[in-house]
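Architecture and fold: a report
Read off the chains here:
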Amino acid sequence: VCVLYTQAIGNKEWREFGRTEVIDNTLNPDFVRKFIMDYFFEERENLRFDFYDVDSKSPNLSKHDFLGQMFCTLGEIVGSQGSRLEKSIVGIPGKKCGTVIVTAEELGCCRDSVLMQFCANKLDKKDFFGKSDPFLVFYRSNEDGSFTICHKTEVIKNTLNPVWQAFKISVRALCNGDYDRTIKVEVYDWDRDGSHDFIGEFTTSYRELSRGQSQFNVYEVINPKKKGKKKKYVNSGTVTLLSFLIETEVSFLDYIKGGTQINFTVAIDFTASNGNPSQPTSLHYMNPYQLNAYGMALKAVGEIIQDYDSDKMFPALGFGARLPPDGRVSHEFALNGNPQNPYCHGIDGVMEAYYRSLKSVQLYGPTNFAPVINHVARYAASVKDGSQYFVLLIITDGVISDMAQTKESIVNASKLPMSIIIVGVGPAEFDAMEELDGDVVRISSRGKFAERDIVQFVPFRDYIDRSGNHVLSMARLAKDVLAEIPEQFLSYMRVRGIKPSPAPPPYTPPIHVLQTQI
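Just so it is clear, the model here is predicted, and its values are computed rather than measured.

**Here we look at the packing of helix H6 (residues 293-305) against helix H11 (residues 470-482)**
Running from amino to carboxyl end, H6 crosses H11 at an angle of 60°, the nearest separation of the two axes being 9 Å. On the basis of the axis angle, H6 is oblique to H11. Seen from above, H6 lies across H11 with right-handed handedness. Here Met296, Ala297, Ala300, Val301, Ile304 and Ile305 of H6 lie close against H11, whose contacting residues are His470, Met474, Leu477, Ala478, Val481 and Leu482. When the residues that make up the contact of H6 with H11 are grouped by side-chain class, the tally is 11 nonpolar, 1 polar and no charged.

Right, dumping it as structure tokens:
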């Protein structure tokens, strides 16, 4: 049997998530029972698989023989080629415990969207002057029989025979993926003061609508009050479905599964305003006992992204320092001291290079972002086919000196497969960063607007946990800065019309395995 555990972020406690079925008398079990889990790109989900040899009917695991275990993250499985991870089983000293193969697949049932168009005929006239101004409101039904609004069409003025524009809605929003669940549609006459008049309603379901334009998809609009009062009441008009098109949305994971790599680059602010690294007040203080703000932010974001980068080699850059031997100021220097090869191995390698360069360079200024943005943009510009996507993490103490050049760089980079995360450390005012973030007003330079929003800014101080529990606060920081990346990634692929590559063929075990199942 295999037992899956997940780990709580805060107290690191392992909780049993589920067990597979027991397979008798084999050393090469192929388990059928699947575990269904929620996946979030921006969260690190630690997993542990324990294996036991089951000797009795007892559900108590201590009564069975422990065969070993495997640790990984959900991101590691998903980020492996074809979302298939093969790892050694460990846990019994001095013994080879075999290997385990874990595969992940995204549940596809709820990824479809529908494009629908409706028109209506002979709706009731509700306005004293002129005709009605009709619009439709769609509701999905819930398990308890209540209804939740899921779409409103636009209003069409002064007509009893409106044709509404086609609209797109996810199947999940329309019926929660349940094709036979009731969908209720209400027809209203719009009034300026907000007291819209009810014309009538009808019900349908995804299954009925999916028949497309046909006699089945002409609905009588009924007003129950009128129906109760008037014997001769027939209906308040009809609504007809004109078209119904299903579109399968491709997801972030489809690209990852098809082999798209996410390249992660770090840029660290070495300007003098950070304070002398040997002083405890400095943001770059090298405390032997705990990470400084730069180290914490770097680790929080890097540990999640590294699961999606197969070679785990990360370029790490610094800006705003004077370099040895001659003291020239640089705004894009390699933290490992090797400009030809600025790559560090793993997040730990980046941390090591960061601490090393703190000892050798002199903090200086000004704070220029454009050179490191352009550095990553040069790489991103050379692979626009969707096989690679670049994420630049800039950690800074704040006040930017080259705002105009940075805006120009971001507007140009918005056409490339890249995203920029900025973490602001220290007490400065980060107004300029909010402007770069572009969530409120899309960023522009010399009259040109960014093609897509690619910058996400967060102030580190919003995440400092007063109780000193950095694990939880850093998980929150990573979650907030990484949450927008899958959507930014998809917006690039959509604009360029890039489809995911097919995933490699699924793994089939070698034939000789079967002979042991006696």
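Right, picking up where we left off after that structure.
**Brief notes about the nonpolar core**
Counting residues in hydrophobic clusters, the biggest one holds 72 residues, and the most contacted among them are Phe270, Val423, Leu477 and Leu482. Structurally, this core is a two-domain feature, drawing no fewer than three residues from each of domain 1 (2-103) and domain 3 (261-496).

**Digging into a nonpolar patch on the surface**
On the surface, a cluster of nonpolar side chains totalling about 200 Å² of accessible area is made up of Ile9, Val471 and Leu472. Mapped onto the elements of the fold, valine 471 is located in helix H11.

**Thoughts on the sheet that holds strand S14 (residues 238-248)**
Taken in spatial order, the 4 strands make up an open sheet running S10-S7-S14-S13, and their pairing is antiparallel. Lying at the two open borders of the sheet, with one neighbouring strand each, are strand S10 (167-170) and strand S13 (218-220). The mean inter-strand angle of the sheet, taken between neighbouring strand axes irrespective of direction, is 35°. For S13 and S14, the ladder comprises 3 bridges, and the chain directions are antiparallel. Directly across from tyrosine 219, in S14, lies its bridge partner valine 239.

**Quick look at H6**
The α-helix winds at 3.6 residues per turn, so residues separated by three or four positions along the chain end up facing the same way. If you check H6, its first and last C-alpha atoms are 19 Å apart, about what 13 residues at 1.5 Å a residue would give, namely 18 Å. On its buried face, H6 is in contact with strand S15 (261-269), helix H7 (346-360), strand S22 (388-396), strand S23 (418-424) and H11. Taking the backbone nitrogen of tyrosine 294 as reference, a side-chain oxygen 3.1 Å away marks asparagine 292 as the first, capping residue of H6.

**Looking at the sheet that holds strand S17 (residues 321-323)**
Taken in spatial order, the 3 strands line up as S18-S17-S21 in an open sheet, and their pairing is antiparallel. Each edge of the open sheet is held by one strand with a lone partner, namely strand S18 (328-330) and strand S21 (362-363). Inspection of the sheet shows S17 paired to S18 by 3 bridges, in the antiparallel sense. In the strand pairing of S18, leucine 323 is matched with arginine 328.

**Observations regarding the pattern of salt bridges**
All told, the structure shown has 18 salt bridges when counted by the stated rule. A salt bridge links aspartate 178 to arginine 181; the shortest N-O distance between them is 3.5 Å. The class of aspartate 178 is partly exposed, set by a relative accessible area of 30%. Sharing partners across several salt bridges, the network here consists of Arg44, Lys299 and Glu303.

**Considerations on the side chain of asparagine 274**
Looking at where asparagine 274 falls in the secondary structure, it is placed in the loop between S15 and H6. Once residues lying within four places of it in the same chain are set aside, the contact partners of asparagine 274 are Asp269, Ser282, Leu283, His284, Tyr294, Leu363 and Asp397.

**Points about the UniProt feature "domain: VWFA" (unreviewed entry) in the protein chain**
Under the UniProt annotation, the feature "domain: VWFA" (unreviewed entry) is placed at residues 263-464. Between the C-alpha atoms that bound residues 263-464 there is a distance of 28 Å. The span itself is 29% helix and 26% strand.

**Looking at empty space enclosed by the protein**
On inspection of all chains with the given rule, the structure shows 1 cavity of 30 Å³ or more. Empty space within the largest cavity amounts to approximately 40 Å³. Around the largest cavity, the lining residues are Ile410, Leu436, Asp437, Gly438, Arg442, Ile443, Ala450, Arg452, Asp453, Ile454 and Val455. Looking at side-chain class alone, the lining of the largest cavity contains 6 nonpolar, 1 polar and 4 charged residues.

**Brief notes about unusual backbone geometry**
The linkage connecting proline 324 with the following residue, proline 325, adopts the cis geometry, with an omega of -5°. Residue position: proline 325 is located in the loop between S17 and S18. The omega torsion of the bond from glycine 365 to proline 366 falls at -10°, within 30 degrees of zero and hence cis. Counting through the fold element by element, proline 366 comes out in the loop between S21 and helix H8 (370-382). The phi angle at asparagine 158 is positive, at roughly 55°, despite the residue not being glycine. We note that lysine 312 has phi near 55°; this positive angle belongs to a residue other than glycine. Secondary-structure assignment places lysine 312 in the loop between H6 and strand S16 (313-319).

**Regarding the confidence of the model for the protein chain**
In regions of low pLDDT, the predicted coordinates are not meant to be interpreted in detail. Per-residue pLDDT for the protein chain has a mean of 92; in total, 97% of the residues score no lower than 70. Of the regions scoring below 50 in pLDDT, residues 511-518 engages in 7 contacts with residues more than four places distant in sequence or in other chains.

**Notes on the packing of aromatic side chains**
Within this structure, the stated rule accounts for 24 aromatic pairs. Centroid distance phenylalanine 118 to phenylalanine 167: 6.4 Å. Interplanar angle 20°. Geometry classified as stacked. With phenylalanine 118 in strand S7 (residues 112-121) and phenylalanine 167 in strand S10, this residue pair connects regions lying 49 residues apart in the sequence. Between phenylalanine 202 and tyrosine 219, the ring centres sit 4.7 Å apart and the planes meet at 15°, which makes this aromatic pair stacked. Of this pair, phenylalanine 202 sits in strand S12 (residues 197-205) while tyrosine 219 sits in strand S13, and the two are 17 residues apart along the sequence.

**As for helix H12 (residues 485-496)**
An ideal rise of 1.5 Å per residue puts 16 Å on 12 residues; H12 measures up with 17 Å between its terminal C-alpha atoms. For H12, the complete set of buried residues consists of Ile485, Pro486, Gln488, Phe489, Leu490, Ser491, Tyr492 and Met493. Where the residues of H12 are buried, they touch helix H5 (252-257), S22, S23, strand S26 (455-459) and H11. One or two positions beyond H12, positive phi appears at glycine 497, with a value near 65°.

Calculation rules
Residues numbered from 1 in each chain as written. Predicted model: local features only at pLDDT ≥ 70, side-chain atom pairs only at ≥ 80, totals over all residues. Heavy atoms only, no water. Axes fitted to C-alpha atoms, helices over the stretch in contact; angles between N-to-C directions. Helix = DSSP H or I, 4+ residues; strand = E, 2+ residues; numbered from the N terminus. Parallel < 35°, antiparallel > 145°, perpendicular 65-115°, else oblique. Left-handed = near helix turned anticlockwise from the far one by under 90°. Contact = heavy atoms within 4.5 Å. Nonpolar A, V, L, I, M, F, W, Y, C, P; charged D, E, K, R; others polar. Core = buried A, V, L, I, M, F, W, Y, C linked by side-chain atoms within 4.5 Å. Buried < 20%, exposed > 50% of the residue type's maximum accessible area, 1.4 Å probe, protein only. Domains from an automatic or database assignment. Patch = residues over 30% accessible without salt bridge, like charges linked within 9 Å, V, L, I, M, F, W, Y side chains within 5 Å. Areas by Shrake-Rupley, 256 points an atom, 1.4 Å probe, with all protein chains shown as cover. Salt bridge = Lys/Arg side-chain N within 4 Å of Asp/Glu carboxyl O. Pairing = 2+ DSSP bridges. Expected span 1.5 Å × (residues − 1). Polar contact = N/O pair within 3.5 Å; in protein donor to acceptor, adjacent residues only side chain to side chain. UniProt positions renumbered as here; feature names shortened; annotations may be inferred. 1 Å grid on protein atoms, 1.4 Å probe; cavity = no way out; pocket = protein on both sides within 12 Å on 5 of 7 lines; lining within 4 Å. Points joined across faces, edges and corners; volume = space filled by probe spheres on them. pLDDT = per-residue confidence, 0-100. Phe/Tyr/Trp six-rings, centres within 6.5 Å; stacked < 30°, edge-to-face > 60°.

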